[in-house]
Amino acid sequence: MSTHENRHPVVSRSQWLAARRQLWLHEKAVTHHRDALAAARRALPWVKVEQDYRFHSPDGELSLAELFAGRSQLLVYHFMFAEGWTEGCHGCSFLADHFDGANLHLAHHDVSLVAVSRAPYTQFQAFRQRMGWRFPWYSSHGSSFNEDFGVSVGGEGEREYNYAPYDGDESELPGLSAFYREPDGSVYHTYSTYARGLDILVNTYNFLDIAPLGRNEEGTMDWVRYHDRYEGQPDKPHCCHK
């Protein structure tokens, strides 16, 4: 239960409507800008994927083209789960809680949404079962996929994340990459986004942004827990979107 003290001005209905109409104009401008941004995103040039990436699945090794599952578009969420971990990143898990509902619709609109992690496939199966997720989740273990798409940044030397130098503590970081497959099997990388660029995938935040107190957090996702741990006193999350 919130203990937030109300410091908002309280006005008449007519005054509220006047203020709301001003905000409505702002919202319309942002909506139009968002539409233009989405069009610019789609207009980016593409890069043909030449590397023969291999992914581990319950059915053995799969190519990147096979992750499309017969569709022409593929969204790959780079899920932070490194070798030796027993649980996935809290932030990635929060985001992944939104995937299954979306996949019910994406699969019928020529889009496959999957997750890929660096850890060996067997290492995240217990966690996946515990979370109850159904979306396809593959391992890129043994390939350079994570490095090539900017989410494994290593621990030494010159490091980059989100198109800028990175000096943080994490060697594995979150992201999302988009791909297109031609009928002849050719695959193209069309887009990648990281950090706050992933906010658009978290519908819980869209609801919170409408709620009276907004996201109501001191640090990004500092209140988020695994969905089966909200009743306890969990450890502080070991990662978040910056």
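The structure displayed is predicted, hence computed values, not measured ones. (Residues numbered from 1 in each chain as written. Predicted model: local features only at pLDDT ≥ 70, side-chain atom pairs only at ≥ 80, totals over all residues. Heavy atoms only, no water.)

**Digging into the overall build of the chain**
The number of helices and strands found in the chain is six helices and ten strands. Along the first, second and third principal axes, the C-alpha set of the chain runs to 65 × 45 × 40 Å. Looking at the chain as a whole, 38% of its 242 residues qualify as buried. Of the accessible surface of the chain, which amounts to about 14,700 Å², a share of 53% is contributed by carbon and sulfur atoms. Averaging the coordinates of the 23 positive side-chain charges in the chain and doing the same for the 32 negative ones gives two points 9 Å apart. (Helix = DSSP H or I, 4+ residues; strand = E, 2+ residues; numbered from the N terminus. Buried < 20%, exposed > 50% of the residue type's maximum accessible area, 1.4 Å probe, protein only. Areas by Shrake-Rupley, 256 points an atom, 1.4 Å probe, with all protein chains shown as cover. Lys, Arg positive; Asp, Glu negative; His and termini not counted. Charge placed at Lys NZ, Arg CZ, Asp CG, Glu CD.)

**Details of the state of the cysteines**
One pass over the structure, following the stated rule, counts zero disulfides. C92 forms no disulfide, and the closest cysteine sulfur to it belongs to C89, at a distance of 3.8 Å. (Disulfide = S-S within 2.5 Å.)

**A few points about a nonpolar patch on the surface**
On the surface, V11, W16 and L17 cluster together into a nonpolar patch covering about 260 Å² of accessible area. One can find W16 in helix α1 (residues 13–42). Residue class for W16 comes out partly exposed when judged on its relative accessible area of 42%. (Patch = residues over 30% accessible without salt bridge, like charges linked within 9 Å, V, L, I, M, F, W, Y side chains within 5 Å. Salt bridge = Lys/Arg side-chain N within 4 Å of Asp/Glu carboxyl O.)

**Digging into the side chain of T193**
Structurally, T193 can be placed in strand β10 (residues 187–194). Residue T193 is classed as buried on the basis of its relative accessible area, which comes to 12%. Ignoring any residue separated from it by four or fewer positions in sequence, one finds T193 in contact with G175, L176 and L198. (Contact = heavy atoms within 4.5 Å.)

**Brief notes about the pattern of salt bridges**
Summed over the entire model, instances satisfying the criterion amount to ten salt bridges. Note that R118 and E147 form a salt bridge whose closest N and O atoms lie 2.8 Å from each other. Remark: E147 occurs in helix α5 (residues 145–148) and R118 occurs in the loop between β5 (111–117) and α4 (125–131); sequence separation between them is 29 residues. Its salt-bridge partner being E172, residue R118 comes within 3.6 Å of it at the nearest N-O pair. A residue pair is termed long-range when its members are at least 10 positions apart, and R118 in the loop between β5 and α4 and E172 in the loop between β8 (164–165) and β9 (175–181) qualify at 54 residues. Salt bridges sharing common partners tie together E87, R130, D228 and R229.

**Some points on the nonpolar core**
If you look at the biggest cluster of nonpolar residues, it comprises 27 residues, and the most contacted ones within it are Y77, F79, F127, W133 and W137. Elements with a minimum of two residues in this core: α2 (90–96), β5 and α4. The leading source of residues in this core is α2, at four residues. V49, F68, L74 and V114 belong to the second largest nonpolar core, which has 16 residues in total. (Core = buried A, V, L, I, M, F, W, Y, C linked by side-chain atoms within 4.5 Å.)

**Concerning the pairing of strand β2 (residues 54–57)**
Only one face of β2 is buried: it carries F55 and S57, and the other face, with R54 and H56, is open. Where β2 and strand β3 (residues 60–63) come together, four bridges link them in antiparallel fashion. Bridge assignment links F55 to a residue of β3, and that residue is L62. Remark: two residues form the turn of the hairpin made by β2 and β3, two consecutive strands paired antiparallel. (Pairing = 2+ DSSP bridges.)

**A short note on the side chain of S186**
Counting through the fold element by element, S186 comes out in the loop between β9 and β10. We classify S186 as buried; its relative accessible area is 13%. Residues within four places of S186 in sequence aside, it is in contact with K48, Y180 and R181.

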